[in-house]
Amino acid sequence: MRFSVLASGSSGNAIYLESEKTKLLIDAGMSARELERRLSSIGVNPAHLNGILISHEHQDHVHGAGILSRRFRLPVFIHPDTLKASGNRMGWIPETVPFESGAPFMIGDFHISPFSVPHDAANPMGFTFSCSGKKLGLATDMGHAPALVRERLKGSHALILESNHDLDMLKDGPYAWPLKQRIMGRTGHLSNHDSSILLGELIHEKLQCVVLAHLSEVNNQPGLACRAAEEVIRQSGRVIRLIAAGRDKASDLIEIRGSATHLS
């Protein structure tokens, strides 16, 4: 299992995930041209994708999905509520494949378990992906981490977790107060502090890598997000690779194999 965070943040979100048999794009929140460019930067031809999986309908997650789907005849795996709420953001899609929260399904050799997350969208999802005995957990765009989210993410060998904002930077920053309230709310975005608490509950002996995602350009800094997570990792006594995902370029391909995580 290998993955790359192609982009992460309010300007666009997309993750590439592959196994020996399957290539998957999770969210497509940038222009199709930019998504193609970033996939190319890690050696992936979008024509070889097996599909696009959508977490929720916000523009920074679906912007390029429709065009990419039409250009390469890719099926779009999407919750029916999300498809309806997306309106005309994606345009006509050649093939949609519905799924439901709590009902696992397969894409190629990936066993995918979708679960609901608390965010201000129609029916937003987090996911776990399992293949060849390895598990990747993905949970971003959520205002808090309820028991269901924590339970679904347990046992992951790699995690992609939201660490959106530093609470003091958000409170003192330039956003209007209603927007600050939305971000801090129960269906908003996870702070560095709350993300580190969640991480502390998920650390186990086989967790190899944590990617902090959806960092705010205005209300956060990679150093602040990483320090909060690093302290929790240090207290656990584990050696875990920690990465802060960026918005300007794709991350290296991160490979989970055996008992170690490798960058390629």
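Residues numbered from 1 in each chain as written. Predicted model: local features only at pLDDT ≥ 70, side-chain atom pairs only at ≥ 80, totals over all residues. Heavy atoms only, no water.

Visitor: Please give an account of the overall build of the protein chain that cites residues and values.
Guide: A count of helical and extended segments in the protein chain gives nine helices and 15 strands. Relative to its length of 264 residues, the protein chain is compact, with a C-alpha radius of gyration of 17 Å against a globular reference of 18 Å. Across its three principal directions, the C-alpha atoms of the protein chain cover 45 × 45 × 35 Å. Taken over 264 residues, the protein chain has a buried fraction of 55%. Total accessible area computed for the protein chain in this model is approximately 11300 Å², and 49% of it derives from carbon and sulfur atoms. Both charge centroids of the protein chain, one from 28 positive and one from 27 negative side chains, sit 3 Å from each other. (Helix = DSSP H or I, 4+ residues; strand = E, 2+ residues; numbered from the N terminus. Rg over C-alpha atoms; globule rule 2.2 N^0.38 Å. Buried < 20%, exposed > 50% of the residue type's maximum accessible area, 1.4 Å probe, protein only. Areas by Shrake-Rupley, 256 points an atom, 1.4 Å probe, with all protein chains shown as cover. Lys, Arg positive; Asp, Glu negative; His and termini not counted. Charge placed at Lys NZ, Arg CZ, Asp CG, Glu CD.)

Visitor: I'd like a rundown of the sheet that holds strand S8 (residues 110-116), residues and numbers included.
Guide: Taken in spatial order, the seven strands of this open sheet run S7-S8-S9-S10-S11-S12-S13, and their pairing is mixed. Two strands close off the open sheet at either side, each with one partner strand: strand S7 (105-107) and strand S13 (241-244). Here the strands of the sheet are splayed against their neighbours by 20° on average, with no regard to which way each runs. Relative to strand S12 (residues 209-213), strand S11 (residues 158-162) runs parallel, the two being bridged by five bridges. When the sheet's bridge partners are listed, Leu159 is paired in S12 with Val210. In this fold helix H8 (residues 192-202) packs onto S11 and S12, with an angle of close to 160° to the strand it touches most, S11. Sitting on the sheet, helix H9 (residues 222-236) touches S12 and S13, and the angle it makes with S13 is about 160°. (Pairing = 2+ DSSP bridges. Axes fitted to C-alpha atoms, helices over the stretch in contact; angles between N-to-C directions. Contact = heavy atoms within 4.5 Å.)

Visitor: Quick rundown of the side chain of Asn164? Include the residues and the values.
Guide: As for its position among the elements, Asn164 is in the loop between S11 and helix H6 (167-172). Among the residues examined, Asn164 registers a relative accessible area of 6% and is labelled buried. A polar side-chain atom of Asn164 sits 3.0 Å from a polar atom in the side chain of His165. Beyond its immediate sequence surroundings of up to four residues, Asn164 is in contact with Ile183, His189, Leu190, Asn192, Ala213, His214, Leu215, Ser216 and Asn220. (Polar contact = N/O pair within 3.5 Å; in protein donor to acceptor, adjacent residues only side chain to side chain.)

Visitor: Lay out the packing of aromatic side chains in plain terms, naming residues and giving numbers.
Guide: On inspection of all chains with the given rule, the structure shows four aromatic pairs. Note on Phe99 and Phe105: the rings are 5.2 Å apart at their centroids and 20° apart in plane angle, and the pair reads as stacked. Overall, the relative accessible area of 15% leaves Phe105 in the buried class. Between the aromatic rings of Phe127 and Phe129, the centroid separation amounts to 5.9 Å while the plane-to-plane angle is 40°, which identifies the pairing as tilted. (Phe/Tyr/Trp six-rings, centres within 6.5 Å; stacked < 30°, edge-to-face > 60°.)

Visitor: Give a detailed account of the pattern of salt bridges, specifying residues and quantitative values.
Guide: In the structure shown here, the tally under the stated rule is nine salt bridges. Ionic pairing is found between Arg38 and Glu34, a salt bridge with its closest N-O pair at 2.7 Å. Of this pair, Arg38 and Glu34 both sit in helix H1 (residues 32-41), four residues apart, which is roughly one turn of the helix. Owing to a relative accessible area of 5%, Arg38 belongs among the buried residues under this scheme. One salt-bridge network, held together by shared partners, links Arg2, Glu18 and Lys23. (Salt bridge = Lys/Arg side-chain N within 4 Å of Asp/Glu carboxyl O.)

Visitor: I'd love a proper account of the packing of H1 against helix H3 (residues 65-72), names of residues and values included.
Guide: Contact pair H1 / H3: the axes reach a minimum separation of 8 Å and the direction vectors enclose 70°. Judged by the inter-axis angle, H1 sits roughly perpendicular to H3. Where H1 abuts H3, its residues Ala32, Arg33, Leu35 and Glu36 lie against Ile67, Leu68, Arg71 and Phe72. Class assignment of the residues belonging to the contact of H1 with H3 gives a composition of five nonpolar, no polar and three charged. (Parallel < 35°, antiparallel > 145°, perpendicular 65-115°, else oblique. Nonpolar A, V, L, I, M, F, W, Y, C, P; charged D, E, K, R; others polar.)

Visitor: Lay out H3 in plain terms, naming residues and giving numbers.
Guide: Of all the residues in H3, the buried ones are Ala65, Gly66, Leu68 and Ser69. Looking at the residues trailing H3, positive phi occurs at Arg73, about 55°.

Visitor: Describe the nonpolar core, with residues and values.
Guide: Counting 29 residues, the largest nonpolar core has Phe3, Leu53, Ile112, Phe129, Ile160 and Val211 as its most contacted members. Per-element tally for this core: the top contributor is strand S9 (residues 125-131), with four residues. Non-local contacts of Ile160, meaning those with residues more than four positions away in its chain, are made with Phe3, Val5, Ile15, Leu136, Gly137, Leu138, Ala139, Thr140, Val211 and Ala213. The next biggest cluster of nonpolar side chains, apart from the first, holds 25 residues, and it includes Leu6, Ile54, Ala65 and Leu253. (Core = buried A, V, L, I, M, F, W, Y, C linked by side-chain atoms within 4.5 Å.)

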